[in-house]
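These are the residues of each chain, in order.
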Amino acid sequence: MAKSTNKPFKVIISRTDSLGDVMLTLPMAGLIKKFIPGAKVVFLGKEYTKDLVTCCGNIDEFLSLEELRKLKPKERPARLKSLQANAILHVFPDKELAYMAKEAGIPIRVGTSHRIYHFLSCTHLINFSRRKSDLHESQLNLKLLAGIGIEQELSTREINSYSALTELHSKDYPISTKPARDKFNLIIHPRSKGSAREWSLENFTQLIRLLPSETYRIFITGTLQEGESMKAFIDSNPSVVNLCGKLSLKEFIALIDSCQGLVAASTGPLHIASALGKKAIGIYAPMHPIDPGRWAPIGEHAEYLVKQVDCSDCRKSMNCHCIREIKPETVFERVRLAQAQASGRV
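Residues numbered from 1 in each chain as written. Predicted model: local features only at pLDDT ≥ 70, side-chain atom pairs only at ≥ 80, totals over all residues. Heavy atoms only, no water.

### Quick word on a nonpolar patch on the surface
- A cluster of nonpolar side chains, contributed by Tyr99, Phe119, Leu120 and Leu125, occupies part of the molecular surface with about 380 Å² of accessible area.
- Here Tyr99 lies in helix H6 (residues 95–103). (Patch = residues over 30% accessible without salt bridge, like charges linked within 9 Å, V, L, I, M, F, W, Y side chains within 5 Å. Areas by Shrake-Rupley, 256 points an atom, 1.4 Å probe, with all protein chains shown as cover. Salt bridge = Lys/Arg side-chain N within 4 Å of Asp/Glu carboxyl O. Helix = DSSP H or I, 4+ residues; strand = E, 2+ residues; numbered from the N terminus.)

The following block contains the structure:
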């Protein structure tokens, strides 16, 4: 670690991919704060993840990848240097950012040894393979903390306790979208933007029809494009509230926080719900490395469903029969039990 100075130790966590990946990276900031008192944490990520990152009480500053790339190439290292960081953790490998951090003169630059360019751009190389490991993504992320002197092996439950989504935003969404006080409010997020194998809309239709409207209020969420692709599905289920493309990420996170449960494939909203302590039910394909062993939701009330079969024949197709064969009745029973627990009947 860098020699102590009058200034607080500042660390950049670089994770420039999707919401779920970012959510499972945020606990790193909590560990940094715990083991380096007074440390400041900057998160370098994609602009669309900012509203999630700024919900984390352990993040002091956000820098968007898009902001960096709008600058002229010669100005980019200077922008990184202006942060006066002692260290950068390349959680998501990015060749351009790795060399940029070196040119910026950041003293401690940590990356995995499985990227050749890290041998030329990083000062500390951590030897592990994400693809070949049996560890959860959140556990793999923590390995990079060894570069700044923090070596911790934690369970996923312990890691989730460092998520710290404590800076939640306003719940001022339209009156028609507000959760019902006398019902179990359930978010169904059928699509994954292509990041995961998906259950089928037919299965979700059957699940919705198993959930009585007098007990459950159901919200369908997704992007505007996903909503358009699901129009027939949504129209065939008139009891649901369609919020596809209607909420900002701030509002969506607030909605998740106000509901009791969420059902989805391996997606960002599932991990957000899990971190917020909701009943997060994930539906997974059994294929490594996209299986629950690597990507399961890690909250106290989170769980997942997966069919224990060899899924290799689905590897080259997004149309996975292994995940589709998980029965709606099985998912319904998990939701029903969560509703009973929420109402104090069990």
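### A look at the pairing of strand E7 (residues 184–189)
- Most of E7 sits out of view: six of its six residues are buried.
- Of the two faces of E7, the one carrying Phe184, Leu186 and Ile188 and the one carrying Asn185, Ile187 and His189 are both buried.
- Where E7 lies against strand E10 (residues 261–264), four bridges are found, and the strand directions are parallel. The residue of E10 that forms the bridge with Leu186 is Gly261. (Buried < 20%, exposed > 50% of the residue type's maximum accessible area, 1.4 Å probe, protein only. Pairing = 2+ DSSP bridges.)

### Concerning the sheet that holds strand E12 (residues 302–306)
- Ordered by their spatial adjacency, six strands build an open sheet running E9-E8-E7-E10-E11-E12, and the pairing between neighbours is parallel. In this open sheet, the two strands that pair with only one neighbour each are strand E9 (241–242) and E12.
- For strand E11 (residues 279–284) and E12, the ladder comprises five bridges, and the chain directions are parallel. Opposite Ala280, over in E12, you have Ala302 as the bridge partner.

### Regarding the nonpolar core
- In this structure, Leu26, Ile32, Leu52, Leu89, Ile148 and Leu165 are the most contacted members of the largest nonpolar core, which totals 63 residues.
- By residue number, the principal contributor to this core is helix H13 (residues 249–258), which donates five residues.
- One finds Ile208, Met287, Leu305 and Phe332 within the second-largest nonpolar core, a separate group that totals 33 residues. (Core = buried A, V, L, I, M, F, W, Y, C linked by side-chain atoms within 4.5 Å.)

### Here we look at the pairing of E11
- Burial within E11 is extensive, with six of its six residues counted as buried.
- As defined by bridge partners, E10 adjoins E11 across four bridges and the pair is classed as parallel. Note on E11: the bridge partner recorded for Gly261 is Lys279.
- In this fold, the crossover linking E10 to E11 by way of helix H14 (residues 268–275) has right-handed handedness. (Right-handed = clockwise from strand over helix to strand, strands pointing away.)

### A few points about the packing of helix H10 (residues 201–210) against helix H17 (residues 328–342)
- Packing of H10 against H17 brings their axes to within 9 Å, and their N-to-C directions diverge by 45°. In terms of their interaxial angle, H10 and H17 are classed as oblique. Taken as a pair, H10 and H17 cross one another with a handedness that is right-handed. Mapping the contact onto sequence places Asn203, Gln206, Leu207 and Leu210 in H10 and Pro328, Glu329, Val331 and Phe332 in H17.
- For the contact of H10 with H17, the class distribution of residues is five nonpolar, two polar and one charged. (Axes fitted to C-alpha atoms, helices over the stretch in contact; angles between N-to-C directions. Parallel < 35°, antiparallel > 145°, perpendicular 65-115°, else oblique. Left-handed = near helix turned anticlockwise from the far one by under 90°. Contact = heavy atoms within 4.5 Å. Nonpolar A, V, L, I, M, F, W, Y, C, P; charged D, E, K, R; others polar.)

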